[in-house]
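Now for the letters of each chain:
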Amino acid sequence: MKILLSWLRDYLDIQMPPEKIAESLNMAGIEVEALHQLGKDIKGVVTGRILSREPHPNAEKLSLCLVDVGEPVSLSIVCGADNMKSGDIVPVAKIGASLPGGIEIRRAKIRGSESFGMMCSKRELGLSEDHSGLYILPADTPIGIDALKLLGLDDTVFDISITPNRGDALSHLGIARELSAIFNLPLHRKALDESHGDGEVSALTSVTMDAPQMCHRYGARIVEGVKIAPSPRWLCERLEKIGVRPINNVVDVTNYVMMDIGHPMHAFDLKKLDDGRIVVRMAKPGEKIKTLDGNQHGLESTMLVIADAKQPVAIAGVMGGENSEVDDSTTSVLLEAAWFDPVIVRKTAKTFGMMSESSYRFERGTNIDNVPIALNKAVSMILETAGGKAKAGMIDAYPVPHHVKKIVVRPRRVSQVLGVSFKPEQIETILNRLKFEVEREGETILVGIPPFRHDLEQEVDFIEEIARIYGYDNLPTTLPSIMAPPRKSSPITAIQNRLRDHLVSLGYHQLITYSFISGDIPVQMQEGLPLTLKNPISEEQGVLRTTLMWGMYDALRRNILADEYDLRFFEMGRVFQRNGENTVEPDRLSIGISGRANPRDWRRCNEAHDLYELKGLLEGIGRLNGHVLEFRNSSRDVFHPSRQMEVRVGGFLIGCLGQIHPRFLDNKKMPAHIYLAEIDLSGFAGLSSQTPRMKPISEFPAVQRDLALVLPIETVCEDVRQALVTEGGTLLESCALFDVYQGKGIDPGSRSLAFSLVFRAGERTLTEADVQPRIEAMTAVIEKKFHGKLRAG
Amino acid sequence: MSQSVETLRQEFRSASDAAKDSKDLEAIRIRFLGKKGAITALLKSLGELPPEERREAGARINTLKDELSQALDNEIAKRGATEQEQKLKVERPDVTLPGTLPLPGSIHPVTRVAQEIADIFLSMGFFLADGPEVEEEYYNFEALNVPAHHPARDMQDTFYLETGRVLRTQTSPVQIRTMEQMKPPLKMIALGKVYRRDSDITHSPMFHQMEGLVVGENVTMSDLKGTLVMFAETMFGKRPFRFRPSYFPFTEPSAEMDIQCIFCHGNGCKICKGTGWMEILGCGMVNPKVFEAVKYDTEKFTGFAFGMGIERQAMLRYGINDIRLLFGSDIRFLRQF
Ligand SMILES: [Zn+2]
């Protein structure tokens, strides 16, 4: 919203610099986003009369003008505009003048003709966006005077952003009222009434209130014999400076009143109203209206309309209808000012996608007391700008009168909330400055909720007003005296923090990908039916992810297509799954691998990676969190059929890993060896882990033995290891695989597994005699149970 | 004879001084102390002396022998160490060849900033609470004093799910869920993803927020200021700050906190749009209507709440000019952190 400093001065005698005004508004909660001092960059612009206009000899679209700027020598100026004629008075930027945007006017030769200055459009002066032609000034404008003051360019526009609670501040009066409170300045308001006029308004029209709950008050006045024409210059200029396009002298007045006191108005052509009367009612099913923007709307019975005897002529508070529009032939106007229910206006405006200046204000709540004030102001202005005669009196249909509610403000509560004590007198003074009605009852203060402030409902709302005017910066800075009990962070947070650091130190980069993804992603990367967004930004982000797979695959793929092949990624985030009526949001971890772990390894000792790199990573993750993971064969469609595993803890499924299925290698840049894993961290956090118990460390030396076995190829390592552990008995301290071999020297159909065994006793030094029987028992079980044998040599 | 001993000593000294390496020293040993060396020759010449002089001369030669052999050993040990050192120095590594352990990966810039902020509040005695991202409208709006059809809903363009729930537009619903389960005194923060229907270079439909809440007896707006100033000074260093009135439906009074622009130190620059100030968070005293929703005694308890966006802080700190980079998973971007 744009606010004009000169307009504020209608209400306030405010002389401080605009910067100071802007800062004070900011510090009172009225955000000034920008401040434009209009004529700041303009210098050397004067009024001039065009003495002659001739076509440019060398350019069809240019003219050659001789301009009198009140100096002995008239200026010859080349001009590209086409709306001027000899005799017009226009703003002229002389040689040496400067204009907004850093433009300097110099003597110039344009298509062979010398030009000694420039005649200006409104846009060139920063007055409005209008660049259709030169700014033609009234014929009685003196020549050769500085245009800055004349055009009102010695003014400041504040660009203000108002929070949704402050509907009362959406006008010049509203901002003036704020400033009056901030600076403790008197607010001047002129009282107008409706007593004068030519005959009674009630003889000409009537207002029927069929929906009083939606429209508490509806006021109407009539002016007859108006002559529709462009508005006078001062009115156009004020509107243009705040970004409102002038239309005609009646419509401009209604817009002016809205920007002035914040009350939206509407003007009907009285003669176009059927039976010349107004009915405020709910729309009937099937009714239609074509609004002033040219769109046709089908109305619903939940919408409030202004109708004549026959049909809707406006959507209440949102927009007028074409059928009752004021146009050039209008002679009688009926002016409307009303109070509409904020919710119904908002719903209707939303339904039609038609947010207007009017609906914006009604939604935020208007001042019901402004109904007569707006009408009287508009009538007096129309008489001035469009002539005609007003009817005396107004129709003031007011079936639901507003009662001022009173709120108790306790000084004790004020200090309880703000942390600084206020005397009742201090509070009273501040509330008075805000134009609230205040009564004292001993220590307590009774404040009436003013009709312009719909955001004030409870004691604390007034406490905010007190703090705002007192100044937030004047409150002390202290620390809370409360001591809240300490709490541990949740298990999931602890796991996430631990894993994040672990993975990063192993060379993995953390990703954060969007929670919403396309509904069209491969079904293999989903788990169950995803939750769908009703109003996504795009189909690409239409559903919530059910796994982290797609985000990881997509991240790897996009990097590979950008020629980055060596990737180590992880992501921790939530996935969203249906659970009957409810949604569950397990936290997950995904890991993605492509290319080499360390492309910087110039010695090439660390080049190959495979499923077991990822498996090892997961084993480590399990260990970090106190769990031994179990890996089993699995058959997920997202993975290569024979290169995948699922991960369990105590039989409980918590994740999977594998090489991506070749079907997803849809670009020849993509290497086959892309590995993905996904772990359910919530599942992890829910498992109770074993607290380690320390075992005593033996002081006696160990006996080490390596055992190389040849076994049928289908025999799995862990079964063999378990059997060795069992046979090893209590003396076996550890048993670990250290080599797998297949090929020369080994029967096809077999492979060699080599284990490193460590035997140790807690209380003595072991001898061969202790270990040999154990080795023999192991060999026996390998032969009997696994049909294997010791590897020869 | 005494002359010969002295001459030999001199010869040895000059030879050993001239020796360049252990090879030369070995030659010296042979020349002086070898089986056919100068000392042996001297001892052999003892027979030519009168018997009464032999004893003394013999002793002098042996002293010389010990002396030379000791000096030679010392010299060899010294030279040897130096030579070893020299040899080791020849095997100089190329310090510019890269190391072969993988470089660490990276913590996402959003996580880095979020953790830093969270750590400050955790150290001030707050605890980290949590809530769902798919939220009931009640928790996201009504319980936070944002009724349906209120213009405040325009402040946050909401994603709706077909099930009727919403993606939370703020972390504030965690306040409600926490207060429903715990009684004051309470000091919590919540951190997580939030969603708004908004997308350009400074707005992402998904971003991260941190929320804080303190409730108890005699918790005041001055306490709010003190707590947040302490946070800001820890995070950004000691610099001027200000609190401006603002509007959030769930706080009353509401404020926004600005700190002096960290880039221009208040002189005005592009980043602070010439104001010299940077908005860092929104805050306020908990609206009694919110306490009513969670059945807290509004007369007894007061509290304050605050919330801040993480992405903006990360973008400012690391000079990231497009928010979409944060969620684009581009290794060339991630590697920089
Ligand atoms: Zn700055």
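Numbers given for residues are sequential positions, taken from 1 along each chain in its written order. Chain A is the first chain written and ligand 1 is the first ligand written, with later ones labelled in order. Selection of residues for local features in this predicted model requires a pLDDT of at least 70, selection of side-chain atom pairs for listing and counting requires 80 or more, and totals for whole chains, interfaces and linings are taken over all residues. Only hydrogens and water are set aside; all other atoms, that is, all heavy atoms of the structure, feed into the side-chain values.

Asker: How would you explain the overall build of chain A if you had to name every residue and give the values?
Answerer: Along chain A, the regular secondary structure elements total 18 helices and 41 strands. Both definitions apply: the radius of gyration is a C-alpha atom measure, and the globule rule equals 2.2 Å times residues to the power 0.38. For a compact globule of 793 residues, the expected C-alpha radius of gyration is about 28 Å, and chain A comes in at 42 Å, more than 25% above that figure. Its C-alpha atoms give chain A principal-axis dimensions of about 130 × 85 × 60 Å. Sorting the 793 residues of chain A into buried and exposed places 53% on the buried side. The criterion used for residue contact is that any of the two residues' heavy atoms lie within 4.5 Å. A sequence separation of at least 24 residues applies to 68% of the contacts in chain A between residues at least 6 apart. As displayed, chain A has an accessible area near 36,100 Å², and 51% of this comes from carbon and sulfur atoms. Neither His nor the chain termini are counted; the positive set is Lys and Arg, and the negative set is Asp and Glu. By convention, charge coordinates are those of NZ in Lys, CZ in Arg, CG in Asp, or CD in Glu. Each charge sign in chain A was given a centre, from 93 positive and 104 negative side chains, and these centres are 3 Å apart. Put simply, DSSP marks the helices as runs of H or I at least four residues long and the strands as runs of E at least two long, and each gets a number from the N terminus on. Residue burial is assigned from relative accessible area. The probe radius is 1.4 Å, only protein chains are included, and a residue is buried under 20% of its type maximum, exposed over 50%, and partly exposed in between. Throughout, the Shrake-Rupley method with a 1.4 Å probe supplies accessible areas, and for residues the shown protein chains are the sole cover considered.

Asker: How would you sum up the nonpolar core? Please name residues and give values.
Answerer: Ranked by size, the top nonpolar core spans 182 residues in total, and within it Ile175(A), Leu179(A), Leu418(A) and Phe121(B) carry the most contacts. Contact partners of Ile175(A), with chain neighbours within four places excluded, come to Met1(A), Ile3(A), Leu8(A), Leu25(A), Ile30(A), Ile160(A), Ile162(A) and Ala169(A). Core analysis: the second largest hydrophobic core is formed by 36 residues, Ala220(A), Ala314(A), Ala338(A) and Ile395(A) among them. Nine residue types can take part in a nonpolar core, namely buried Ala, Val, Leu, Ile, Met, Phe, Trp, Tyr and Cys, and a core is a set of them joined through side-chain atoms within 4.5 Å.

Asker: So, the sheet that holds strand β4 (residues 186-195) of chain B: which residues are in play, and what are the values?
Answerer: A pair of strands is treated as paired once DSSP finds two or more bridges between them. Across the sheet, seven strands lie side by side as β1-β4-β5-β9-β8-β7-β6 (chain B); this open sheet has mixed pairing. Strand pairing shows two members of the sheet lacking a second neighbour, β1 (127-129) and β6 (241-248) of chain B, which therefore form its edges. Across the sheet, the mean angle separating the axes of adjacent strands is 25° when strand polarity is ignored. The pairing of strand β8 (residues 277-286) of chain B with strand β9 (residues 302-309) of chain B spans four bridges and is antiparallel. Along β9(B), the bridge assignment pairs Met285(B) with Phe304(B). All axes here are fitted lines through C-alpha atoms, helices being fitted over the stretch that makes contact, and every angle between N-to-C directions spans 0 to 180 degrees. Sitting on the sheet, helix α12 (residues 459-470) of chain A is in contact with β6 and β7 (251-260) of chain B, with an inclination near 30° to β7(B). Most of the contacts of helix α8 (residues 221-236) of chain B go to β8(B), to which it runs at about 150°, and overall it touches β6, β7, β8 and β9 of chain B.

Asker: Outline unusual backbone geometry, listing residues and values.
Answerer: For the peptide bond that leads from Pro184(B) to Pro185(B), omega is 0°, which places it in the cis range. Looking at where Pro185(B) falls in the secondary structure, it is placed in the loop between α7 (173-181) and β4. Looking along the chain, the bond that leaves Glu252(B) and enters Pro253(B) is cis, with omega of -5°. Tracing the backbone shows Pro253(B) in strand β7. One non-glycine residue, Asp563(A), adopts positive backbone phi at about 65°. Take Asp563(A): it is sitting in the loop between α14 (549-561) and β30 (567-574). By relative accessible area, which is 46% here, Asp563(A) ends up partly exposed.

Asker: Explain the confidence of the model for chain B residue by residue, including any values.
Answerer: One number per residue, pLDDT, summarises how confident the predictor is, and it ranges from 0 to 100. Per-residue confidence for chain B gives a mean pLDDT of 91, with 99% of residues at or over 70. Two numbers describe this predicted complex: its pTM, 0.86, and its ipTM, 0.88.

Asker: Mind laying out the packing of aromatic side chains, listing which residues take part and the relevant values?
Answerer: To pair, rings of Phe, Tyr and Trp, with the six-membered ring standing in for Trp, must have centres within 6.5 Å; the planes then decide the type, stacked if under 30 degrees apart, edge-to-face if over 60, and tilted in the middle. For the structure on display, the rule yields 24 aromatic pairs over all chains. Both rings, one in Tyr553(A) and one in Phe664(A), keep their centres 5.9 Å apart while their planes meet at 65°; by these two values the pair is edge-to-face. With a gap of 111 residues between them, Tyr553(A) in helix α14 and Phe664(A) in the loop between β36 (652-660) and β37 (674-680) connect regions that are remote in the sequence. Taken individually, Tyr553(A) and Phe664(A) each receive the classification buried, so the pair is uniform in this respect. Linked through ring pairs, Tyr514(A), Phe516(A), Phe159(B), Tyr195(B) and Phe327(B) together constitute an aromatic cluster. Two conditions define a charge located above a ring, namely a distance within 6 Å from the ring centre to NZ of Lys or CZ of Arg, and an angle within 35 degrees of the ring normal. Here the basic side chain of Arg364(A) rests over the ring of Tyr360(A), its NZ or CZ set 3.8 Å away from the ring centre. The aromatic ring of Tyr139(B) is capped on one face by Arg177(B), whose charged end is 4.0 Å from the ring centroid.

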